[in-house]
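# A look at the structure
Below, each chain spelled out in residue letters.
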Amino acid sequence: MTASHPSPFSAVTRRATLRAAGAGTALLGLGLAGCRSAVSSEGDPVPAGDAKPRRGGTLRIAIGNDFTPALLFAQSAQSLQQGLLFNTLTRYDDRLRPQPELAVSWTYPKDGRSITLKLREGVAFHDGRPFTADDVIFAVQNLQNPVRAAQLRATASAVTGFEKHGDHELTLRLTHPVANLFDLFEFMIITDRHTVADAVAGRKLNGTGPFRFVKWSPGTGLDLVRNDRYWRAGRPYLDAVELRVAGQADALVSSLRTGQSQLSFDVPGKSMALVKSTPSLKITDYSTGAGAYYVGVNTTVKPLDDKAVRQAIAWAVDRDRLLAQSLGGYGLASAAPWPRSSPAFTEARRTHYRHDPAKARELLRSAGHRSLKLPLLHSATPGDTSIAEAVQYDLAQVGIDVTLEPTDPATAQKKLISQSMPALWTLSHGFAQVHPSTLAVSAYPFNEAKNTSRFRSGTYTRIVKEAWTTPDDGPAGRARYARITEILLDEAFIIDLVVRGQVQVASERLRGVSLNKFSQARLDDAYLV
Amino acid sequence: MRSHLLRRLPSAALVLLLASFLVFAVLRLVPGDPATTLAGPDASEATVAAIRDRLGLDEPLPVQYAAWIGALVTGDLGPSYVIGGEVADLIGDGLGATVELTLGALLFALLLGGVLGILGATARRGWTRAAVRAVTAGALAVPPFVTGVLLVLLFSVTLGVLPPGGRVPLLTAPDLGVQYLLLPALCLALPSAAVLGRYLQEGLRQALAEDYVLTATAAGIAPRRLLWRHALPNALPPVVTLVGIQTGHLLGGAVLVEAIFAWPGLGQLAEQALNRRDYPVVQDLLLLLVAVFVVVQLLTDLAYAWLDPRIRWE
């Protein structure tokens, strides 16, 4: 190490430095000025009110997770593109009534052992091949294959016979009546049977939807263009849709704020304050109830084998605070899994467990416990960590000392499926947004035969099976849903916290976006003004 | 030079072999596998078992290891289990993006480091030297995730002159590509620029204090010529070694910077593949990174030997 000394050199003078800096800046400025700009221009002022739909334009959607071709037939964190490239047979309205899509009408005999579908004529796949009844048969059989990991496989497997009546009429024969058949029709995308291997590899996605597949660049996203032979005349309005991956919340929000993208459904609750402060962005809460956060309880770990202790935990959690702090207020604090649109929803069940630490302490005392020490596993993502910390705080107030076990999502999933969770865990579940029986049949945490909590009950099994195999949404059906909910609330092996809102953040220039019950975006009527 | 290279090749091969064992074993020791990721949180054990069977995860571990190494040797890396597409394509695309980012950052680091080093060693005024010290300390102290957010806030949100994230390949559209590259490359380059600047500054100070410099100054050789032709070449060898090390750091640092700027490089791919337990992608990727480090070290050794003849004859 030499001592610092005053330099005898004037090789780098102030004048030379300034000249070099000036020349560099000018060169960069001139270079960039001569280029096309990579920053989108906002253009004309946004028209007030409902502007007339306009053809053209490219919509850029910021997505938190890249498209995963292997999960094309499953409900995953990124199912947006399903509704852009493909159609389904029917589509639920806001009150869970099926509406025609590729099936224009249906006949459902009283015995519930078959359904006859009349299919839409004049529909073609993107490669020009006509859509026929064979494509529906393939779609059902495809979901019966376990490697497709379709959550509604149990319902698809109930279909055991297919009778074609020409190219556009078909009868599906069922081994037993199935209450959630239209959930299957809402969920099941109709894909080209000849290119399904290419589809699950991400090479070619051939559907009947409003947009055609151009390319998928892993890590970057999907490029889609308008399907000029779409069966809805004059639709879609948009020329192209680009889905762009921005895995980090800051990058995703910056992309929206700068106008680089115009739509996202993946803005985390904690970033919503920043979005709200951006006047050019609009927030829409769809309240589809496509997911819910819960605390799972391993009923074989002492003292959680005691129902009173589990109920004490349910009373101890402050769901409203958790909703406000961890999810930006978007969602529904609820002790039951159902969103407001579910036939199983009632306000009394939603508020069955309110925040009541005194009652929680009393229950613990009655079970012989003044204090407890329990581990709680959670996924080490920022959102899930925030929820786990909120639960930890609430349980500490009633004398339950919780040790958090942050775990990567893949490990958490493995433990969930292999029934090796610790005493407590917090994750999210799906499938409460559709027919109530689907939750108990297709969501593993609630499964009557085998679930992570290791909860078994003859009554629960019987009532779940009855609800699944009896297509009846009348008083008797509702009584069965009520019974399922009562068991869930009373046994508290899954303690629901918040039904998640499906929050859309969009540019004020975008109109006409909608979502189906499985969070598949519908852009048939979307346009940019 | 050739014998110098040959002496180092066996140890490089051994490092790669040990790394392959380690990567394969560690990945299997971590709980979770591609089948559970694909099956999803609502799946049953039967679904997981069917997927495990399809992916060949039921085979004994030595068989799986041999299949992997065999595929590597033949150059057919096969399909990804979870992410989708061919592993070779995924890594090729990601590598292109990361190399582009790393080279951009390296260019920034060399330019900024050079300016800081030369200014710090030759500036006559105290405030210039103090300014150089402050910039260097700031670039070293502020982590890239803070620098990245600040750069996006200034250039994208406030000024609206550069995109906040994403990538257009430079070879596809150079005019757009360079705009996407500027912010992430600068963010990644700053700490390396500071390190290179400090080393260069110190090297130059030592070189400028040598007797031959005083003699040359007395002989009337122009200070600029003395700096560029005599002092700088003598100060460069340790800096060149450091450039090799910094290139490795830039590759490693790219993981974080890619996440901040949604840059679809190897870092993003590695994170995605690791979170989803996409064994083929993680294994090939980690082995590739080890190989890159090994090659960079070999090249650095060669450059050092080329610059300093004494090393060649050791």
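All values reported here derive from a predicted model rather than from experimental measurement. (Residues numbered from 1 in each chain as written. Chains lettered and ligands numbered in written order. Predicted model: local features only at pLDDT ≥ 70, side-chain atom pairs only at ≥ 80, totals over all residues. Heavy atoms only, no water.)

Before going further, it helps to spend a moment on the interface of chain B and chain A. Listed as interface residues are 71 residues of chain B and, on the opposing side, 60 residues of chain A. Buried area between chain B and chain A, summed over both chains or domains, comes out near 5400 Å², and the portion from carbon and sulfur atoms is 59%. Here chain B is connected to chain A by two salt bridges. Taking the shortest distance from any N to any O, the salt bridge between Asp408 of chain A and Arg277 of chain B comes out at 2.5 Å. Here chain B and chain A share seven residue pairs in polar contact (both at pLDDT 80 or more) between them. At the level of elements, α2 (34-39), α3 (45-55), α5 (87-122), α7 (144-158), α8 (174-208), α9 (211-218), α10 (223-260) and α11 (266-275) of chain B are the ones that each hand at least two residues to the side of chain B that touches chain A. Examining the composition of the side of chain B that touches chain A, we find that ten residues originate from one element, α8 of chain B, more than from any other. Its residues assigned to classes, the side of chain B that touches chain A shows 40 nonpolar, 17 polar and 14 charged. (Contact = heavy atoms within 4.5 Å. Buried area = accessible area lost by both parts, 1.4 Å probe. Salt bridge = Lys/Arg side-chain N within 4 Å of Asp/Glu carboxyl O. Polar contact = N/O pair within 3.5 Å; in protein donor to acceptor, adjacent residues only side chain to side chain. Helix = DSSP H or I, 4+ residues; strand = E, 2+ residues; numbered from the N terminus. Nonpolar A, V, L, I, M, F, W, Y, C, P; charged D, E, K, R; others polar.)

So, on to the UniProt feature "transmembrane region" (unreviewed entry) in chain B. Residues and elements named next belong to chain B. When the UniProt feature table is mapped onto this chain, "transmembrane region" (unreviewed entry) is found at residues 101-122, 134-157, 177-196 and 285-307. The distance from the first to the last C-alpha atom of residues 101-122 is 31 Å, and the span holds 100% helix and 0% strand. Secondary structure content for residues 177-196 is 100% helix and 0% strand, while the C-alpha to C-alpha distance between its ends is 26 Å. (UniProt positions renumbered as here; feature names shortened; annotations may be inferred.)

Residues and elements named next belong to chain A. Inspection of every chain in the model, using the stated rule, returns four cavities of 30 Å³ or more. Reported here for the largest cavity is a volume of approximately 70 Å³. If you trace the largest cavity, you find it lined by Ala314, Arg319, Ala335, Pro337, Tyr353, Phe446, Leu488, Leu489, Ala492, Ile494, Ile495 and Asp496. For the lining of the largest cavity, the element with the most residues is strand β18 (residues 494-500), which contributes three residues. By residue class, the composition of the lining of the largest cavity is ten nonpolar, no polar and two charged. (1 Å grid on protein atoms, 1.4 Å probe; cavity = no way out; pocket = protein on both sides within 12 Å on 5 of 7 lines; lining within 4 Å. Points joined across faces, edges and corners; volume = space filled by probe spheres on them.)

What follows is about the nonpolar core. Residues and elements named next belong to chain A. Counting residues in each nonpolar core, the largest one holds 94 residues, and the members touching the most others are Leu89, Phe185 and Leu523. The element best represented in this core is helix α3 (residues 133-144), accounting for seven residues. A domain split of this core shows at least three residues from each of domain 1 (3-54 + 68-193) and domain 2 (292-500). For Phe185, the contacting residues outside a window of four places in its chain are Thr88, Leu89, Thr90, Ile115, Leu117 and Leu172. Among the nonpolar cores identified, the runner-up in size contains 68 residues, and Ala360, Leu374, Leu377 and Ile463 belong to it. (Core = buried A, V, L, I, M, F, W, Y, C linked by side-chain atoms within 4.5 Å. Buried < 20%, exposed > 50% of the residue type's maximum accessible area, 1.4 Å probe, protein only. Domains from an automatic or database assignment.)

This paragraph deals with the sheet that holds strand β15 (residues 372-379) of chain A. Residues and elements named next belong to chain A. Sheet architecture is open: six strands sit in the order β14-β18-β13-β17-β15-β16, paired in mixed fashion. Both outer strands of the open sheet, β14 (331-333) and β16 (400-407), are each paired with one neighbouring strand and no more. When strand polarity is set aside, the average angle formed by the axes of neighbouring strands in this sheet is 25 degrees. Sheet topology places β14 next to β18; three bridges connect them, and they run antiparallel. Of the residues in β18, the one forming a bridge with Ala333 is Val498. (Pairing = 2+ DSSP bridges. Axes fitted to C-alpha atoms, helices over the stretch in contact; angles between N-to-C directions.)

When the UniProt feature table is mapped to this numbering, "domain: ABC transmembrane type-1" (unreviewed entry) covers residues 95-300 of chain B. Taken end to end, residues 95-300 of chain B is 83% helix and 0% strand, and its two terminal C-alpha atoms sit 21 Å from one another.

This part takes up α8 of chain B. Residue and element names in this part refer to chain B. For α8, built from 35 residues, the straight-helix expectation of 51 Å at 1.5 Å per residue is missed by more than 12%, its first-to-last C-alpha distance being only 41 Å. A maximum bend of about 40 degrees is found in α8 at Leu190, where proline Pro191 lies one to four positions downstream. Burial analysis of α8 places 28 of its 35 residues in the buried class, which makes it a mostly covered element. (Expected span 1.5 Å × (residues − 1). Bend = angle between axes of the 7 residues up to and from the residue.)

Bringing the UniProt feature "domain: Solute-binding protein family" (unreviewed entry) in chain A into the picture now. This chain's UniProt record puts "domain: Solute-binding protein family" (unreviewed entry) on residues 98-428 of chain A. Here residues 98-428 of chain A is 30% helix and 25% strand, with 26 Å between the C-alpha atoms at its ends.

Residue and element names in this part refer to chain A. Its place among the elements puts Ile61 in strand β1 (residues 58-63). When its relative accessible area of 0% is taken as the criterion, Ile61 is described as buried. Between the C-alpha atom of Ile61 and that of Leu263, which follows or precedes it by 202 residues, the distance is 4.7 Å. Residues within four places of Ile61 in sequence aside, it is in contact with Leu80, Val241, Glu242, Leu243, Arg244, Ser261, Leu263 and Leu523.

Here we come to a negative patch on the surface. Together, Asp76, Glu86, Asp89 and Asp93 of chain B make up a negatively charged patch on the protein surface. Structurally, Asp93 of chain B is set in helix α5. (Patch = residues over 30% accessible without salt bridge, like charges linked within 9 Å, V, L, I, M, F, W, Y side chains within 5 Å. Areas by Shrake-Rupley, 256 points an atom, 1.4 Å probe, with all protein chains shown as cover. Lys, Arg positive; Asp, Glu negative; His and termini not counted. Charge placed at Lys NZ, Arg CZ, Asp CG, Glu CD.)

Before going further, it helps to examine the packing of aromatic side chains. Inspection of the entire model under this criterion finds 18 aromatic pairs over all chains. Between Tyr108 of chain A and Phe182 of chain A the ring centres are 6.2 Å apart and the planes differ by 80 degrees, which places this aromatic pair in the edge-to-face class. Placement of the pair is Tyr108 of chain A in the loop between β4 (103-107) and β5 (114-119) and Phe182 of chain A in helix α5 (residues 181-187), with a sequence separation of 74 residues. Judged by relative accessible area, Tyr108 of chain A falls into the partly exposed class, the value being 28%. Judged by centre distance (6.3 Å) and plane angle (45 degrees), the rings of Phe265 of chain A and Tyr286 of chain A are tilted. Remark: Tyr286 of chain A occurs in the loop between β12 (281-285) and β13 (292-297) and Phe265 of chain A occurs in the loop between β11 (263-264) and α8 (272-276); sequence separation between them is 21 residues. When its relative accessible area of 8% is taken as the criterion, Phe265 of chain A is described as buried. We classify Tyr286 of chain A as partly exposed; its relative accessible area is 23%. Clustering of aromatic rings is evident, with ring pairs tying together Trp106, Tyr108, Phe182 and Phe185 of chain A. Arg28 of chain B extends its terminal NZ or CZ atom over the ring of Tyr279 of chain B, reaching a point 4.1 Å from the ring centre. (Phe/Tyr/Trp six-rings, centres within 6.5 Å; stacked < 30°, edge-to-face > 60°. Lys NZ or Arg CZ within 6 Å of the ring centre and 35° of its normal.)

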